[in-house]
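Here are the chains, one letter per residue:
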Amino acid sequence: RVAVATLLKASGAAEGTRVVVMGWVKTNRTQKKLCFMSINDGSCASHLQLVVTKDEVPEAMWEAATGAGNGASVRVEGCLKASPKEGQKWELPVESIEVLGPSDGAKYPIPPVKINLETLRAITHMRPRTGVMGAVMRIRNSLAYATHNFFQQSGFMYVHAPLITGADCEGAGEMFQVTTLDLAKPLPKLGNDVDYTKDFFGKPAFLTVSGQLNGEYYACAFGSIYTFGPTFRAENSNTTRHLAEFWMIEPEIAFCDLPKNMDCAESYLRHCFRHVLENNADDLAFLEEFEINRKADEGIVDTEAKLRERLEVVVKNDFGRLPYTEAIEIVSKVAGPREGVPWEFPPVWGQELQTEHEKYLAEVVYKKPVIVYNYPKGCKAFYMRMNEGCAPGKETVAAMDVLFPRVGEMVGGSQREERLDILLAKMAEMGLKEEDYSGYLDTRRFGSQPHAGFGVGFERLVLYATGMGNIRDAIPFPRTVGQMIH
Ligand code: 4AD
Ligand code: MG
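Here the residue numbers are simple positions, counted from 1 along each chain's written sequence. Going through the entries in the order they are written, you letter the chains from A and number the ligands from 1. Residue-level local features of this predicted model are given only where pLDDT is at least 70; pairs of side-chain atoms are given and counted only at 80 or more, and the full residue set underlies all totals for whole chains, interfaces and linings.

Within the chain, the regular secondary structure consists of 13 helices and 19 strands. Overall, the C-alpha framework of the chain stretches about 85 × 60 × 45 Å when taken along its three principal axes. Exposure classes come from backbone-placed C-beta atoms, where a residue is buried if 20 or more other C-beta atoms lie within 10 Å of its own, exposed if 12 or fewer do, and partly exposed in between. Looking at the chain as a whole, 37% of its 486 residues are labelled buried. We call two residues in contact when their backbone-placed C-beta atoms lie within 7 Å. Of the contacts made within the chain by residues no fewer than 6 positions apart, 69% connect residues no fewer than 24 positions apart. A helix here means a DSSP run of H or I that spans at least four residues, while a strand means a run of E at least two residues long, and both kinds are numbered starting from the N terminus.

Looking now at helix H4 (residues 131–153). An expected span of 1.5 Å times one less than the residue number is assigned to each helix. The terminal C-alpha atoms of H4 lie 33 Å apart, and with 23 residues this matches the ideal 33 Å at 1.5 Å per residue to within 8%. One or two positions beyond H4, positive phi appears at glycine 155, with a value near 85°.

The criterion for a residue being near a molecule or strand is simple: its C-beta atom, placed using the backbone, must lie within 6 Å of it. As a structural note, the neighbourhood of ligand 1 is formed by 22 residues, with Ser210, Gln212, Gly412, Gly455 and Gly457 the closest of them. Breaking the shell around ligand 1 down by element, the ones donating at least two residues are strand S12 (245–254), strand S16 (408–415), strand S17 (451–457) and helix H13 (458–466). With five residues, the single largest contributor to the shell around ligand 1 is S16. A breakdown of the residues in the shell around ligand 1 according to their chemical character gives seven nonpolar, eight polar and seven charged. As a working rule, the residues Ala, Val, Leu, Ile, Met, Phe, Trp, Tyr, Cys and Pro are called nonpolar, Asp, Glu, Lys and Arg charged, and the rest polar, with Gly in that last group.

In this section: the nonpolar core. Among the nonpolar cores identified, the biggest contains 111 residues, and Val402, Leu461, Val462 and Ala465 are the most heavily contacted of them. The residue makeup of this core includes at least three contributed by each of domain 1 (4–108) and domain 2 (129–174 + 209–484). If near-sequence neighbours (up to four positions away) are discounted, valine 462 is found in contact with Val136, Ile139, Arg140, Leu143 and Ala474. For the purposes of this analysis, a nonpolar core is taken to be any set of buried Ala, Val, Leu, Ile, Met, Phe, Trp, Tyr and Cys residues that are connected through C-beta atoms within 7 Å. The domain limits used here are those given by an automatic or database domain assignment.

Below, the discussion takes up the domain arrangement of the chain. Where the parts come together, the accessible area they lose is often given as the size of the interface. Partitioning the chain into domains gives domain 1 (4–108) and domain 2 (129–174 + 209–484). The straight-line distance from the C-alpha centre of domain 1 to that of domain 2 is 44 Å. Contacts between the two partners involve five residues from domain 1 and, on the opposite side, seven residues from domain 2. Residue composition of the side of domain 1 that touches domain 2, by class: three nonpolar, two polar and no charged.

Attention shifts here to the sheet that holds strand S10 (residues 205–207). Strand pairing in a sheet is mediated by backbone hydrogen bonds. Such pairs are either parallel or antiparallel. Taken together, the three strands give an open sheet; going across it, the order is S8-S10-S9, and neighbouring strands pair in antiparallel fashion. If you trace the sheet from one side to the other, it starts and ends with strand S8 (164–165) and strand S9 (177–178), each paired once. Here a strand pair is declared whenever DSSP counts at least two bridges between the two strands. The pairing of S9 with S10 spans two bridges and is classified as antiparallel. Bridging across to S10, glutamine 177 finds its partner in phenylalanine 206.

Turning our attention to the pairing of strand S11 (residues 224–232). Most of S11 is tucked away, with seven of its nine residues classed as buried. The sheet contact formed by S11 and S12 spans nine bridges and is antiparallel. Note on S12: the bridge partner recorded for glycine 229 is methionine 248.

Time to look at helix H10 (residues 355–366). With twelve residues, H10 should cover 16 Å at 1.5 Å per step; its first-to-last C-alpha distance of 15 Å lies within 8% of that length. Of all the residues in H10, the buried ones are His357, Glu358, Tyr360, Leu361, Ala362 and Tyr366. Structurally, H10 contributes buried residues whose contacts are with strand S13 (320–323), helix H9 (324–332), strand S14 (370–376), strand S15 (396–404) and S16. Residue lysine 367 follows H10 closely and has a positive phi angle near 55°.

Encoded structure:
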């Protein structure tokens, strides 16, 4: 059995080669004595054109071919033939065809007409069969491969952080609680009604928001590590960039400071997009056409697709680097992101940059990714390293966010506070109990060292690489506030 992707790339010398292909019917059109069918097997964005000639196959096979509805699975055999059609290298004159699983084309959940992405989200079980989700998921796969490839080649060890945890790493209080249930009894109310001393773990348990603290323990033993796994946030934000379950890549590096942490994030992101440019050419071409059509449908005048161009911007340029205080100054100089559009949230020193500010910096000011660093301590997590020499009331931490055009925050990271006394003072100030972080504090008591790391939102990486506008289309099964299908 040959994959359609392999077959379509075959050189001219492959003419006449006998192949067996298996896939799902995309289109099927019958003329008197000819049946033209296209099939796709998920290996690439292109379809393979099949031609069945009535007089050359047994009657039963002709009936099976002409009756194969959209979505049916088929096994076909034939010898490759150069296609007379422009833009299509090969076609397959069918010598034998078998319908493995029939499909009633009229009832097939994916209609043959254009279908919008929102409608597709309601059929998460079938949308991987569409061209657009096929391209997105193949690119997602490439990004996962490039992630392991980059870190493994750079000497990082892959660490599996736990999904069930007792600690709120980010301190934002947006966690999902985990408890046991006896379904034979009435459901207990969470919170005070659950007696945690008798519950499974003997104490409250949650789904992790970040593997960072576990990652730090391992960096403090192995030097350079990374985690790559699902993380969960019960954020009540119904936006195009937030999921309740998303995947995060979290490298953690011992003996590393903030500038070196930035270098690592930059090299990693560049590696990922270079990998996609080099390995997903036909998916990118497909998504560019998809973007052109979408823009035309929405009546947008500039119907140029810029997907590859946008990836090249990342691959070919150094990222901008900008202290937070200067970022606030830049954003404060204008009244809003565009002429006549005021800021929804005017910038204020001491508060997080809003998505509108982040996009303005990356899209309008830098026109490429930019790393904003040294954020006010009040808007970041407890573990970030305090910067020295700050004016009173203007204390900052060694934090960094990588901001991308279109996406906004792609990466959040920092140099970690390795000084025990300063960390303890900060935790007391933020009301965190020492006993909840005793293991974390031990790494500062026994052989502490400067270290740094960052977290990359994997779906935001997929968003940028595919040009999709909504994070729900960047993950196979999106979970967002108020919505979970399959
Ligand atoms: O900035 P965040 O919250 O940082 C951390 O969790 C750190 N512990 C990471 C570290 O230093 N090891 O999240 C990191 C990234 C964000 O920049 C964003 O790309 C993504 O995770 N992210 C989300 N992606 C999708 N849906 C959400 N609800 C997300 N929240 C954060
Ligand atoms: Mg962040």
